[in-house]
Amino acid sequence: MPELPEVEALAHHLRAHAIGRTVVRVDVASLTALKTFDPPTTALHGREVTGANRYGKFLDLDCDGPHLVTHLSRAGWLRWLDTVGAAPPKPGRGPLALRVHLGKPGQGPGFDLTEAGTQKRLAVYIVSDPRQVPGIARLGPDALSLDADGLRAVLAGRTERLKTVLTEQSTVAGIGNAYSDEILHVAKLSPYAIAGRLDAAAQARLLDAVHGVLDDAVRRSVGQEAARLKGEKRAGLRVHARTGLPCPECGDTVREVSFADRSFQYCPTCQTGGKPLADRRLSRLLR
Ligand SMILES: [Zn+2]
């Protein structure tokens, strides 16, 4: 799932390549992706792109009044094309959800919003203000803007596990399953630590890790021109999606905890005092 660094890199690309261009045509290939009806997609036609922003994991294209807002969800992506084909796409086939022409169709550039797989959860909104998107209205402070006071406020009184609090978008915006694994590993904190009980030293490590991991990932994703790739491509992960491989820090074996539809990874030596965390799926099988 694209998280803050990938979405930031896509916004960066749109700032560099889409601003100043006019939305000539919008092709809707998946009606289920479109979550708003008024204004219609044609309200974007003839509008100049004046900005591209990120709100948490939402991507916003400002079209000088109306905004085209996208949540890429689990398997969505934005792919920039230097030349976009003129033929209207066939609805309901393949990964294409929405196509935006930023020049004469067949000659000018633009981008596709695509979604791989069968679970169609990519969401597109056309609104006059991004805060009209419910998911954006609910967002907590952006992870990149967190300072020591902000983090203290986020954690205060929270009895949930750190992993849960960090990935909850209404608490802190932008961090998902992959980067929370990375952040917790760099901070040497257990995913199951109770968020409200971190001491000052642990909070300082966590804050450093949030900025270090995310800044580094944004730089990497911008550097590989994310919007020219077919989908999200991450490099340099330390523990996430590395179950069974050696921890780059200490050499211990990276372990995972699995749930029905997702899993997360951690290093016991670096993060949990050498003790493996209970894996609910596994313990259910053993019961
Ligand atoms: Zn380790």
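Reading the values: rules and limits
- Residues numbered from 1 in each chain as written.
- Predicted model: local features only at pLDDT ≥ 70, side-chain atom pairs only at ≥ 80, totals over all residues.
- Heavy atoms only, no water.
- Axes fitted to C-alpha atoms, helices over the stretch in contact; angles between N-to-C directions.
- Helix = DSSP H or I, 4+ residues; strand = E, 2+ residues; numbered from the N terminus.
- Parallel < 35°, antiparallel > 145°, perpendicular 65-115°, else oblique.
- Left-handed = near helix turned anticlockwise from the far one by under 90°.
- Contact = heavy atoms within 4.5 Å.
- Phe/Tyr/Trp six-rings, centres within 6.5 Å; stacked < 30°, edge-to-face > 60°.
- Buried < 20%, exposed > 50% of the residue type's maximum accessible area, 1.4 Å probe, protein only.
- Lys NZ or Arg CZ within 6 Å of the ring centre and 35° of its normal.
- Salt bridge = Lys/Arg side-chain N within 4 Å of Asp/Glu carboxyl O.
- Donors = N, O, S within 2.8 Å, 3.2 Å for Na, K, Ca; no water.
- Tetrahedral: all angles 85-135°; square planar, octahedral: opposite > 155°, others 65-115°.
- Pairing = 2+ DSSP bridges.

1. Observations regarding the packing of helix 3 (residues 148-155) against helix 6 (residues 200-223)
Part 1 of the reasoning: At their nearest, the axes of helix 3 and helix 6 sit 10 Å apart, and the two run at 115° to each other. Judged by the angle between their axes, helix 3 and helix 6 are roughly perpendicular. Of the two elements, helix 3 crosses helix 6, and the hand of that crossing is right-handed. Taking contact as the criterion, the partners of Ala148, Leu151, Arg152 and Leu155 in helix 3 are, on helix 6, Gln203, Leu206 and Leu207.

2. A word on the packing of aromatic side chains
Part 1 of the reasoning: Using the criterion set out here, one finds three aromatic pairs in the structure.
Part 2 of the reasoning: Seen in terms of ring centroids, tyrosine 192 and phenylalanine 264 are 5.9 Å apart; in terms of plane orientation they differ by 75°. Their pairing is edge-to-face. Separated by 72 residues along the polypeptide, tyrosine 192 in the loop between helix 5 (177-186) and helix 6 and phenylalanine 264 in strand 10 (residues 263-266) bring together distant segments of the chain. Accessibility classification places tyrosine 192 together with phenylalanine 264 in one group, the buried group.
Part 3 of the reasoning: Here the aromatic residues Tyr192, Phe259, Phe264 and Tyr266 are joined through ring pairs into a cluster of three or more.
Part 4 of the reasoning: The residue whose ring lies beneath arginine 161 is tyrosine 192, and the NZ or CZ to ring-centre distance is 3.6 Å.
Part 5 of the reasoning: The ring of phenylalanine 259 has arginine 262 lying over it, and the distance from NZ or CZ to the ring centre is 4.6 Å.

3. Structural notes on the pattern of salt bridges
Part 1 of the reasoning: Evaluation of the coordinates by the stated rule reveals 20 salt bridges.
Part 2 of the reasoning: Its salt-bridge partner being arginine 131, residue aspartate 129 comes within 3.0 Å of it at the nearest N-O pair.
Part 3 of the reasoning: By relative accessible area, aspartate 129 is classed as partly exposed at 23%.
Part 4 of the reasoning: Across the pair glutamate 232 and arginine 234 runs a salt bridge, and its minimum N-O distance is 3.2 Å.
Part 5 of the reasoning: The partly exposed category is assigned to arginine 234, whose relative accessible area is 24%.

4. Let's talk about the coordination of the zinc ion
Part 1 of the reasoning: Distances from the zinc ion to its protein donors, Cys247 (SG), Cys250 (SG), Cys267 (SG) and Cys270 (SG), fall within 2.2 to 2.4 Å.
Part 2 of the reasoning: If you look at the zinc ion, its four donor atoms make angles of 98 to 114° with each other, and the shape they trace is tetrahedral.
Part 3 of the reasoning: Each donor residue of the zinc ion belongs to the same chain, with the gaps between them written as C-x2-C-x16-C-x2-C. Of the two residues, cysteine 250 is situated in the loop between helix 6 and strand 9 (255-258) and cysteine 270 in helix 7 (residues 268-271); the sequence distance between them amounts to 20 residues.
Part 4 of the reasoning: By relative accessible area, cysteine 250 is classed as partly exposed at 36%.
Part 5 of the reasoning: Owing to a relative accessible area of 10%, cysteine 270 belongs among the buried residues under this scheme.

5. Topic: the sheet that holds strand 4 (residues 67-71)
Part 1 of the reasoning: Strand order across the open sheet formed by four strands is 2-3-4-8, with antiparallel pairing between neighbours. Each end of this open sheet is capped by a strand with a single partner; those strands are strand 2 (51-55) and strand 8 (123-127). Each strand axis lies, on average, 20° off the axis of its neighbour in the sheet, ignoring direction.
Part 2 of the reasoning: One ladder, built from five bridges, connects strand 4 with strand 8; its direction is antiparallel. Among the inter-strand pairings, histidine 71 is bridged to a residue of strand 8, identified as alanine 123.

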